[in-house]
Amino acid sequence: MSTYTQILYQIVFSTKRRTRTLSLDKYSELSKYTWGILENKKCHPYIINGVEDHIHIITHLHPSVALSSLVKDIKLGTSDWIHRERVFSRFEGWQEGYGAFTYSISAKENLINYVENQRAHHMKHNFIDEYISLLKEHGITYDDKYLL
């Protein structure tokens, strides 16, 4: 028998101190680089997008990949690439921690649309409000001190 999984993840994390350092004109470069990291880990990315202070990644994880290791590899890899290529001049790094939320495959299209429309969404809602909404939607207990 082989291993089969179908777990759709939304991974979310922000820049250090939530500073708005990810300029939108170069966001596609960050997305492409992150996409490559995911593919190298045998994951199946669906969409990567965000705004100046955070990123959303919708992906399926390969069964051999641990979520925490993947996020660590993404953060380290993109941070190194950003500094080496000087993509975002004011980027100081990623925040500690991340949010990861699972969805059934039937939610895939709605989730992709949501992440695709991040810029419009954030004209009405800031990152903290969005993040708290995700935590509550998924029944996750959180400590306010980690949201600052």
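Above this note sits the structure.
Predicted model only: the values in this text are computed from it and were never measured.

Conventions used here
Residues numbered from 1 in each chain as written. Predicted model: local features only at pLDDT ≥ 70, side-chain atom pairs only at ≥ 80, totals over all residues. Heavy atoms only, no water. Buried < 20%, exposed > 50% of the residue type's maximum accessible area, 1.4 Å probe, protein only. Helix = DSSP H or I, 4+ residues; strand = E, 2+ residues; numbered from the N terminus. Pairing = 2+ DSSP bridges. Salt bridge = Lys/Arg side-chain N within 4 Å of Asp/Glu carboxyl O.

Q: Honestly, the pairing of strand β2 (residues 44–51) in this entry has me stumped. Any pointers?
A: The side chains of a regular strand alternate, residue by residue, between the two faces of the sheet. With six of eight residues buried, β2 lies mostly within the body of the structure. As defined by bridge partners, β2 adjoins strand β3 (residues 54–60) across seven bridges and the pair is classed as antiparallel. The residue bridging G50 from the neighbouring strand is I55, located in β3. Where β2 folds back on β3, the antiparallel hairpin that results is connected by two residues.

Q: Is there a simple way to think about the pattern of salt bridges in this case?
A: Note that side chains of opposite charge can pair when their charged atoms are close. Evaluation of the coordinates by the stated rule reveals five salt bridges. Salt-bridge contacts for K41 lead to D73; the nearest nitrogen and oxygen are separated by 2.8 Å. With K41 in the loop between α1 (27–40) and β2 and D73 in helix α2 (residues 67–85), this pair connects stretches of sequence that are 32 residues apart. Looking at D73, the relative accessible area reads 28%, which means it is partly exposed. Residues D80 and R84 are paired through a salt bridge, measuring 2.5 Å at the closest nitrogen-oxygen approach. In this pair, D80 and R84 both sit in helix α2, four residues apart, roughly one turn of the helix. In this structure R84 comes out as partly exposed when scored by relative accessible area, which is 44%. Within this structure, D80, R84 and E85 form a network of salt bridges that share partners.

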